[in-house]
Amino acid sequence: MDIDKVVRQHLEMEQFFSGFALKGKGISPEPQRQENNHVPTVRCPAESEVEGMADAEKAAELERIAEEVHQCRKCPLGSLRTNSVPGEGSPNARIMFVGEGPGADEDAQGRPFVGRAGQLLDKVIKACGLKRSEVFIGNILKCRPPENRDPRADEIINCLSYLQRQIEIINPEIIVALGAHAARTLLNTTKPIGQLRGQFHEYYSGIGRPPIKLMATYHTAYLLRNYSQENRRRVWEDMKKVLTELGLSIPEHSTG
Ligand code: SF4
């Protein structure tokens, strides 16, 4: 056994989740990409339209989707919510994180991943050398299921088109599916997350469009409930593959 490698992986993993400072080369997303903090968000444009869209047009399309979501009553969750949660982030994101649905904090604020699981996702994003405003964060369901129960098939069927349209507009290079529900839904499979995570899959966003790479990993809410070294190491390994696929350097971390 390569003890040095094991120790290094352990240190990386510990630092990954413990509020370390980043040092070294850092990660520079494509220089031509402009950061856009506008919270997006409706008509589904044709593929050729999307390719020629400027950031402002993409943001406006995402804004229209958000407006539709706010008005939506297609499933019973629409009458139970405090706020709908369409998703937010850069219309030009290279990475889209997709979870299963809003929780209590998200329902209260109308924003995705703002509770404890969201704070852990923020750490993951930061550990990757990225800012939350550089990625897009959304969910399969746009309204909170009662008591955070699992999404039901009819709810997913009614809601999925919003996310599909967001993906078409943003056209990210990689989708990171957080947890079993997101991964199974986007990959149309019933396999367990343990089999899906750790490898790239392909998500097809439309006929004639090249597939988008999809990395499945554990949901940060699952990580909080099962905060073992092994699970944290697995998520970190998954994210390192995402960074490598994007041609981004893996940040060096320091506790200093
Ligand atoms: S969960 Fe989705 S389909 Fe159901 S009411 Fe909310 S936005 Fe509409």
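Conventions and cut-offs
- Residues numbered from 1 in each chain as written.
- Predicted model: local features only at pLDDT ≥ 70, side-chain atom pairs only at ≥ 80, totals over all residues.
- Heavy atoms only, no water.
- Helix = DSSP H or I, 4+ residues; strand = E, 2+ residues; numbered from the N terminus.
- Polar contact = N/O pair within 3.5 Å; in protein donor to acceptor, adjacent residues only side chain to side chain.
- Contact = heavy atoms within 4.5 Å.
- Pairing = 2+ DSSP bridges.
- Axes fitted to C-alpha atoms, helices over the stretch in contact; angles between N-to-C directions.
- Phe/Tyr/Trp six-rings, centres within 6.5 Å; stacked < 30°, edge-to-face > 60°.
- Lys NZ or Arg CZ within 6 Å of the ring centre and 35° of its normal.
- Salt bridge = Lys/Arg side-chain N within 4 Å of Asp/Glu carboxyl O.
- Buried < 20%, exposed > 50% of the residue type's maximum accessible area, 1.4 Å probe, protein only.
- Core = buried A, V, L, I, M, F, W, Y, C linked by side-chain atoms within 4.5 Å.

## Describing the side chain of Glu 106
Part 1 of the reasoning: On the secondary structure map, Glu 106 appears in helix H4 (residues 104–109).
Part 2 of the reasoning: Side-chain polar atoms of Glu 106 contact the backbone nitrogen of Gly 103, separated by 2.9 Å.
Part 3 of the reasoning: A polar contact is formed between the side chain of Glu 106 and the backbone nitrogen of Val 114, at a distance of 2.9 Å.
Part 4 of the reasoning: The contact partners of Glu 106, leaving out residues within four places of it in the chain, are Val 85, Arg 111, Pro 112, Phe 113, Val 114 and Gly 115.

## With respect to the sheet that holds strand E6 (residues 200–203)
Part 1 of the reasoning: Read from one edge of the open sheet, 6 strands run E2-E4-E3-E5-E7-E6, paired in mixed fashion. Pairing within the sheet leaves two strands with one partner each, and these edge strands are strand E2 (88–89) and E6.
Part 2 of the reasoning: Strand direction decides the pairing type here: E2 and strand E4 (residues 136–139), joined by 2 bridges, are antiparallel. The partner of Glu 88 across the bridge, within E4, is Ile 137.
Part 3 of the reasoning: In the packing of helix H6 (residues 153–170) onto the sheet, contacts are made with strand E3 (95–99), E4, strand E5 (174–178), E6 and strand E7 (212–217), and the angle to E3 comes to roughly 170°.

## Thoughts on the packing of aromatic side chains
Part 1 of the reasoning: Applying the stated criterion across every chain yields a total of 1 aromatic pair.
Part 2 of the reasoning: Ring centres 4.9 Å apart and planes at 40° place the aromatic pair Tyr 218 and Tyr 222 in the tilted group.
Part 3 of the reasoning: Cation over ring: Arg 197 sits above Tyr 218, and NZ or CZ is 5.8 Å from the ring centre.
Part 4 of the reasoning: A cation over a ring is seen here: Lys 213 above Phe 200, with NZ or CZ 6.0 Å from the ring centre.

## Brief notes about the environment of Ser 249
Part 1 of the reasoning: Summarising the element assignment, Ser 249 is placed in the loop between helix H10 (229–245) and strand E8 (252–254).
Part 2 of the reasoning: Taking C-alpha positions, Ser 249 is 8.7 Å from Gly 129, a pair spaced 120 residues apart along the chain.

## So, the pattern of salt bridges
Part 1 of the reasoning: Going through the model one piece at a time under the given rule, you end up with 12 salt bridges.
Part 2 of the reasoning: For Glu 61, the salt bridge goes to Arg 64, with nearest N and O atoms at 2.8 Å. Linking Glu 61 with Arg 64, this pair stays in helix H3 (residues 55–71), spanning 3 residues, or about one helical turn.
Part 3 of the reasoning: Of the residues examined, Arg 64 reaches a relative accessible area of 41% and is grouped as partly exposed.
Part 4 of the reasoning: Salt bridges sharing common partners tie together Glu 88, Arg 111, Asp 122 and Arg 132.

## A short note on the nonpolar core
Part 1 of the reasoning: Membership of the largest hydrophobic core comes to 60 residues, with the highest contact counts inside it found for Phe 97, Ile 175, Leu 186 and Met 239.
Part 2 of the reasoning: It is H6 that provides the largest number of residues to this core, a total of 8 residues.
Part 3 of the reasoning: Apart from residues no more than four positions distant in its own chain, Met 239 is found in contact with Phe 97, Val 124, Cys 128 and Val 176.

## Focus: unusual backbone geometry
Part 1 of the reasoning: Notably, Phe 113 is not glycine yet its phi reads approximately 50°, a positive angle.
Part 2 of the reasoning: Taking relative accessible area as the criterion, Phe 113 reaches 4% and is therefore assigned buried.
Part 3 of the reasoning: The phi torsion at Asn 188 lies on the positive side, around 55°, for a residue other than glycine.
Part 4 of the reasoning: Residue placement: Asn 188 occurs in the loop between helix H7 (180–187) and helix H8 (193–196).

## Description of H7
Owing to its 3.6 residues per turn, the α-helix aligns residues three or four sequence positions apart on the same side.
Part 1 of the reasoning: H7 sits mainly inside the fold: 7 of its 8 residues count as buried.
Part 2 of the reasoning: Among the residues of H7, those classed as buried are Ala 180, His 181, Ala 182, Ala 183, Thr 185, Leu 186 and Leu 187.
Part 3 of the reasoning: Those residues of H7 that are buried are in contact with E3, H6, E5, H8, E6 and E7.

Everything listed here is a matter of coordinates, which is why it stays silent on function.
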